[in-house]
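# Chain and residue survey
What follows is each chain in one-letter form.
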Amino acid sequence: MRSDIIFMHAPSVYDFRKKPIFYGPVSDVIPSSPVFEMYPIGFMTISSHLEAAGFRTRIVNIAVQMLQSEKFDVEKRISKLNAKVFAIDLHWMPHAHGAIELAKIVKKYHPDALVEFGGLTSSYFYRELIQRPEIDLIMRGDTTEVPTVKMMQVLEKGGDLSEVPNLTWKDKDGHVHENPVTYSLESLDEVMFDYGTMIKCVMRNMDISGALPWYGWDKLPLTSVFTVRGCSINCAECGGSHFANDRVVCRKAPAFRSPEKLAEDMDLIQSYLDTPIFIVGDLRQHSMDYADRFLKACKERRITNHVVIELFNGGTPEYFSKIDKTFDGGWSIEFSPDSHDEYVRLNLGKGYTNEAIEKTLPAAFNNGCSRMDLFYMNGLPYQDRKSALYSVECAEKLWGLVKREDNLFIYNAPFAPFVDPGSRIFEEPEKWGYKLRARTLEDHRKLLDNPSWKHVLSYETKWMTRDDVAEVSYDAALVLAQKEFEAGRIDEKTKDDRCARTEFARELMHKVDEIMLIEDREERDARLWETKDEGTRMMNSTIANKKDLDWDAGSIWSNAPRVGFGLVKSMFRK
């Protein structure tokens, strides 16, 4: 079946199944695997706008299908697809290798089709990308739904692509043209967040596995809504900070979705799926009035799905009480202080104290919070080994602030693998005490092809070398497991198993380090292949129990009746 445009998501490294890679703990604290198979939400919103304009779209998550089967033939799959445009996301930097390799395969089998790139990383490195022969179009910006519709309309009618805002493109003679980034929404209310469009497209294309947001989503689905694009905060390491948004996508101020539209998005989701809904962005970032209006709208719509909120700073008992009175399906919290060393955290740009964190925990659980995930990182500015270990040592105190039965999960992982392009650290590394090993897209692409996560790291700091970041990540995991055991949250066997897994991972990293010193390439490659099975076995939960990240939810199959009813209702929705 021919599509007008196919959105395609690549694995981080192509073909990871045919390479001896030790991934390490780089994805221990996110839903996807180290292959980073989760595609951006833009696939859904852009697809919704295109479908409304009469274009036929499709999502093909190549990364998920590669994870599902060793026998999955990527080239065969791509050769059988049929579309005028293949849109490949290069949103997150870890896809710098896989995205480009998929583009080459598309051009190999579909030389007359156009290959488009989009996303934050594409927007940053657009001039480098457009020089590649396999890439024809690059859409810059963070609200590109309408410009993409305009691009498809121009392509359909044979018009002039210079009329399409935000587009960098090649003409038939291969000359490059840069249209300025002039389309940047000041409000997200015009953006369509409709999971129903995705469901209908999946049914039309008869391809559930190809459209999964990440591997295993069908068994433990999680949905999301977005309060904002852009940010008012300036965390030094973040590619989504206020500074980075201005630098990369010309966004001068955050674009918020109105509280009422956000509640409507959640109502639409629950009409299709009884799944947890993650609200991306702190509801209070705009104002407390925004949060109050949102909670009122959710109460009126009777949002019964479990809800996950984000905190960008501490919260009060009054705020959490309001949330608890709103959501009958329960609610949870995601909170990322990054470091419990106040000096490190305040220098990053997170303007709250340890006291704020320590008051937030009991305030949340005493007012109905079901669970809280708290995240710390290694490899930050002003952070040495002692500072990094201090964060996990403080877990003992944090667990002591709440009841034993309260579901407080504390995670620690390396700040990896790359410093975000456009962030303050990336733009001024020396100022922040960083030495970067990659500046261009090609630099990052080459790093990704290394056999060990430590060798992929694009940075070291004044306070920690790459070796230090790696070693302290394993040391912190051991301390955290011990503290969790002492707090009575895991039994001794679980603690011992986690520590054994951590030490095994460390030994495997050292083993790869030694192999990399072998000068004879043939011998070196042969020895690396001997580590393949061990590296694959350590793909997930290297230093943490990744299952802790799962929320209880019915599979998409158990949601089938609700999906059917939701589709019927959508036929009568304006």
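Before reading on, note that the structure itself is shown above.
Bear in mind that the values here come from a model prediction, so they are computed numbers and not experimental data.

Analysis parameters
Residues numbered from 1 in each chain as written. Predicted model: local features only at pLDDT ≥ 70, side-chain atom pairs only at ≥ 80, totals over all residues. Heavy atoms only, no water. Helix = DSSP H or I, 4+ residues; strand = E, 2+ residues; numbered from the N terminus. Rg over C-alpha atoms; globule rule 2.2 N^0.38 Å. Buried < 20%, exposed > 50% of the residue type's maximum accessible area, 1.4 Å probe, protein only. Contact = heavy atoms within 4.5 Å. Areas by Shrake-Rupley, 256 points an atom, 1.4 Å probe, with all protein chains shown as cover. Salt bridge = Lys/Arg side-chain N within 4 Å of Asp/Glu carboxyl O. Core = buried A, V, L, I, M, F, W, Y, C linked by side-chain atoms within 4.5 Å. Patch = residues over 30% accessible without salt bridge, like charges linked within 9 Å, V, L, I, M, F, W, Y side chains within 5 Å. Lys, Arg positive; Asp, Glu negative; His and termini not counted. Charge placed at Lys NZ, Arg CZ, Asp CG, Glu CD. Pairing = 2+ DSSP bridges. Axes fitted to C-alpha atoms, helices over the stretch in contact; angles between N-to-C directions. Expected span 1.5 Å × (residues − 1). Phe/Tyr/Trp six-rings, centres within 6.5 Å; stacked < 30°, edge-to-face > 60°. Lys NZ or Arg CZ within 6 Å of the ring centre and 35° of its normal. Polar contact = N/O pair within 3.5 Å; in protein donor to acceptor, adjacent residues only side chain to side chain.

### Let's talk about the overall build of the protein chain
Secondary structure summary: the protein chain contains 24 helices and 17 strands in total. For 574 residues, the compact-globule estimate of 2.2 N^0.38 gives 25 Å, and the C-alpha radius of gyration of the protein chain, at 23 Å, lies within 12% of that figure. Dimensions of the protein chain, computed from C-alpha atoms along their principal axes, come out at roughly 70 × 65 × 45 Å. Residue burial in the protein chain is summarised as follows: out of 574 residues, 61% are buried. Look at the contacts in the protein chain between residues 6 or more apart in sequence, and 76% of them connect residues 24 or more apart. Only carbon and sulfur atoms are counted for the fraction: they give 51% of the accessible area of the protein chain, which is about 23300 Å².

### Details of the pattern of salt bridges
Scanning the model with the defined rule gives 43 salt bridges in all. Of the charged contacts, one joins Arg229 and Glu145 as a salt bridge, the two residues approaching to 2.9 Å between their closest N and O atoms. Remark: Glu145 occurs in helix 7 (residues 145-157) and Arg229 occurs in strand 9 (residues 228-229); sequence separation between them is 84 residues. With its nearest N and O atoms 4.0 Å apart, the salt bridge here joins Asp406 to Lys403.

### Description of the nonpolar core
Judged by nonpolar contacts, the single largest core of 154 residues is most densely connected at Met8, Leu102, Phe117, Met266, Phe294, Ile309 and Ile333. Among the elements that line this core, the one with the most residues is helix 4 (residues 96-109), at seven residues. The residues touching Phe117, leaving out its near neighbours within four places in the chain, are Ile88, Leu90, Ala99, Ile100, Ala103, Ser122, Leu129, Ile135, Leu137, Ile138 and Met139. Ranked by size, the runner-up nonpolar core spans eight residues in total, among them Ile199, Trp217, Tyr272 and Leu273.

### Remarks on a negative patch on the surface
On the surface, Glu519, Asp520, Glu522 and Glu523 cluster together to form a negatively charged patch. As for its placement among the helices and strands, Glu523 is situated in helix 22 (residues 521-529). Judged by relative accessible area, Glu523 falls into the partly exposed class, the value being 41%.

### Regarding the sheet that holds strand 1 (residues 3-9)
Within the open sheet, the seven strands sit side by side as 2-1-3-4-5-6-7. Their pairing is mixed. Only two strands of the sheet have a single neighbouring strand rather than two, namely strand 2 (57-61) and strand 7 (176-178). Here the strands of the sheet are splayed against their neighbours by 20° on average, with no regard to which way each runs. In this structure, strand 4 (residues 114-118) lies alongside strand 5 (residues 137-139), joined through three bridges in parallel fashion. Directly across from Glu116, in strand 5, lies its bridge partner Leu137.

### Considerations on the sheet that holds strand 11 (residues 277-280)
Backbone hydrogen bonds are what pair the strands of a sheet, in a parallel or an antiparallel way. With respect to topology, six strands assemble into an open sheet ordered 8-11-12-13-14-15, the strand pairing being parallel. If you trace the sheet from one side to the other, it starts and ends with strand 8 (223-226) and strand 15 (407-414), each paired once. Between one strand and the next, the sheet's axes are offset by a mean angle of 20°, whatever the strand orientation. In the sheet, strand 8 pairs with strand 11 via four bridges, with the strands oriented parallel. By the bridge assignment, Val225 is partnered in strand 11 with Ile279. Set on the sheet, helix 10 (residues 259-272) makes contact with strand 8, strand 11 and strand 12 (307-311); between it and strand 8 the angle comes to about 165°.

### Some remarks on helix 20 (residues 466-486)
A rise of 1.5 Å per residue sets the reference length of helix 20, with its 21 residues, at 30 Å; its end C-alpha atoms lie 30 Å apart and thus fit the reference within 8%. Once helix 20 finishes, Gly488 follows within two positions and takes phi at roughly 75°, a positive value.

### Description of unusual backbone geometry
Between Tyr14 and the following residue, Asp15, the backbone shows a cis peptide bond with an omega angle of -15°. Within the element layout of this structure, Asp15 appears in the loop between strand 1 and helix 1 (42-52). Positive phi is not limited to glycine here, since Arg302 has a value of about 55°. Look at Tyr382: it is not a glycine, yet its phi comes out positive at around 70°. Of note, Tyr382 is situated in the loop between strand 14 (371-378) and helix 15 (385-393). On the basis of relative accessible area, Tyr382 is assigned to the partly exposed category, the value being 27%.

### Regarding the packing of aromatic side chains
Scanning all chains against the criterion turns up 16 aromatic pairs. Judged by centre distance (5.5 Å) and plane angle (80°), the ring pair of Tyr343 and Tyr382 falls under edge-to-face. Here Tyr343 is found in helix 13 (residues 342-348), whereas its partner Tyr382 is found in the loop between strand 14 and helix 15, with 39 residues between them in sequence. Looking at Tyr343, the relative accessible area reads 52%, which means it is exposed. Put simply, the rings of Phe7, Tyr39 and Phe43 pair up and form one aromatic cluster. Across from the ring centre of Tyr126, 3.8 Å away, lies the NZ or CZ of Arg140, which sits over that ring. Over the face of the ring belonging to Phe426 we find Arg439, whose NZ or CZ atom lies 4.3 Å from the ring centre.

### So, the side chain of Asp194
Inspection of the secondary structure puts Asp194 in the loop between strand 7 and helix 8 (195-205). Using a relative accessible area of 18% as the deciding quantity, one classes Asp194 as buried. Those residues in contact with Asp194 that lie beyond four places of it in its chain are Met44, Ser48 and Tyr272.

### Looking at the pairing of strand 2
The element strand 2 is largely enclosed, with a buried count of five among its five residues. By the bridge criterion, five bridges tie strand 1 to strand 2 in an arrangement that is parallel. Within the sheet, the bridge partner assigned to Met8 lies in strand 2 and is Val60.

### Some thoughts on the environment of Arg437
With respect to the helices and strands, the residue Arg437 is situated in the loop between strand 16 (434-436) and helix 18 (441-448). Residue classification places Arg437 among the partly exposed positions, given a relative accessible area of 35%. Put simply, Arg437 and Ser162 are 275 residues apart on the chain and 36 Å apart in space, counted from C-alpha to C-alpha. In contact with Arg437, not counting residues within four places along its chain, are Asp443, Leu447, His455, Val456, Leu457, Ser458, Tyr459 and Arg466. A distance of 2.5 Å separates a polar atom in the side chain of Arg437 from the backbone oxygen of Leu457.

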